[in-house]
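An overview of the molecular structure
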Amino acid sequence: MTTGPYGAISSPQFCVIAQGRKRVFLGNEAFNYDATSYLVASADLPVSGQVVEDPFLGLSLAIEPETLAALRRHSDYANNPGPFRA
């Protein structure tokens, strides 16, 4: 079932979709993701989102702040701090 926009505070997480499509809004910017892409939230952010294609099946994995800090230390983030899009 598709949904109307709903608001939430997004915590650090990794999100993948097996089936369907979702749209997430951060301020005036929209991020669409589906089975060919993914979404990573690296901080607590006020977002709104909606399922825009069904049937929908997705998975969200919480990322502990300590794990996120370790990933940043061992990644190329220091050289490329811009937004990452799949």
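Each remark here, short or long, concerns the structure printed above.
This section reports on the structure supplied with the text. (Residues numbered from 1 in each chain as written. Predicted model: local features only at pLDDT ≥ 70, side-chain atom pairs only at ≥ 80, totals over all residues. Heavy atoms only, no water.)

**Notes on the side chain of Asp34**
Selection criterion: Secondary structure elements follow DSSP: runs of H or I no shorter than four residues count as helices, runs of E no shorter than two count as strands, and numbering proceeds from the N terminus. Polar contacts, as used here, are pairs of N or O atoms within 3.5 Å; protein pairs need one atom able to donate a hydrogen and one able to accept it. Residues neighboring in sequence count only if both atoms are side-chain atoms. Here, residues are in contact when the closest pair of their heavy atoms is within 4.5 Å.
By secondary structure assignment, the location of Asp34 is in strand S3 (residues 29–34). Of the polar contacts made by the side chain of Asp34, one reaches the side chain of Thr36; its length is 2.6 Å. Those residues in contact with Asp34, other than ones at most four positions away along the chain, are Ile17, Gly20 and Arg21.

**Some remarks on the side chain of Lys22**
Relative to the helices and strands, Lys22 is located in strand S2 (residues 13–26). Within the local environment of Lys22, its side chain forms a polar contact with the side chain of Tyr6, the two groups lying 2.8 Å apart. Not counting residues within four places of it along the chain, the set of residues in contact with Lys22 comprises Tyr6, Ile17, Phe31, Asn32, Tyr33, Gln50, Val51, Val52 and Phe56.

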